[in-house]
Amino acid sequence: MTADREIVISRVIDAPQELVFEAFTEVRHLSRWWGPEGFTTTTQSFEFRVGGEWDFVMHGPDGTDYPEWITWTEIGAPARIAFLHGESRDDPNAFESVLTFEPDGAATRIQMRTVFLTKELRDQAVEKYHAIEGGHQTLSNLAAYVTEISEKGVEG
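Residue indices follow the written sequence of each chain, beginning from 1 at its first position. The predicted nature of this model means local features are confined to residues of pLDDT at least 70 and side-chain atom pairs, given and counted, to a pLDDT of 80 or more, with totals for whole chains, interfaces and linings taken over all residues. For the side-chain quantities, the full set of heavy atoms in the structure was used; hydrogens and water were omitted.

Trainee: Which residues make up unusual backbone geometry, and what values do they have?
Mentor: Here the residue pair Ala77 and Pro78 is connected by a cis peptide bond, since its omega of -5° sits within 30 degrees of zero. Put simply, DSSP marks the helices as runs of H or I at least four residues long and the strands as runs of E at least two long, and each gets a number from the N terminus on. For Pro78, the location among the structural elements is in the loop between β4 (65-76) and β5 (80-86). The backbone of His130 shows a phi angle near 55°, a positive value even though the residue is not glycine. Mapped onto the elements, His130 comes out in the loop between α3 (119-127) and α4 (131-152).

Trainee: How would you sum up the sheet that holds strand β6 (residues 95-104)? Please name residues and give values.
Mentor: Strand pairing is assigned whenever DSSP detects at least two bridges linking the two strands. In spatial order, the strands read β1-β7-β6-β5-β4-β3-β2; together these seven strands make up an open sheet with antiparallel pairing. Looking along the sheet, the strands with just one partner apiece sit at the ends: β1 (6-13) and β2 (40-46). Direction aside, neighbouring strands of the sheet carry axes that sit 25° apart on average. Both β6 and strand β7 (residues 107-115) contribute to a ladder of nine bridges, which runs antiparallel. Its bridge partner lying in β7, Ser97 is registered against Thr114. Any two residues having at least one pair of non-hydrogen atoms within 4.5 Å are treated as being in contact. Lines fitted to C-alpha atoms define the axes here, with helix axes fitted over just the stretch in contact, and angles between the N-to-C directions of these axes take values from 0 to 180 degrees. Contacts from helix α1 (residues 17-25) reach β1, β2, β4, β5, β6 and β7, with the element oriented near 155° to β6. The sheet strands contacting α4 are β1 and β7, and the helix crosses β1 at an angle near 25°.

This is the structure we're talking about:
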């Protein structure tokens, strides 16, 4: 049972499934919306494939830099992505996230399910890093971004 070690956040985004999925798979999109409100992202390297890595730095609104690392463990376009996420490749506390993208009429329901190694790590993410609020803000940024590019009718 993982319920006490996980965070699940979902949102309906007013854009087609393929576009919402693409926003997660191309660095030109990710750098425009990734992270909570007020954060920006600088990518060091990016390779979207199973076993590929995204090495990046998130810059907080207060000027703090947060090194981040993701490796993709599963890619099922356009419905599912799974990845490990930590501060670095050898982070012993890296957590697993599974994203699902389901059509909901003309919109897309995205669910982000994150599982931590322990309840304590989950609680620390919630209390110290405001992971639930940050997750909602991140999906809100994604929604605004894909709605904007969807309305333009132009990719990128």
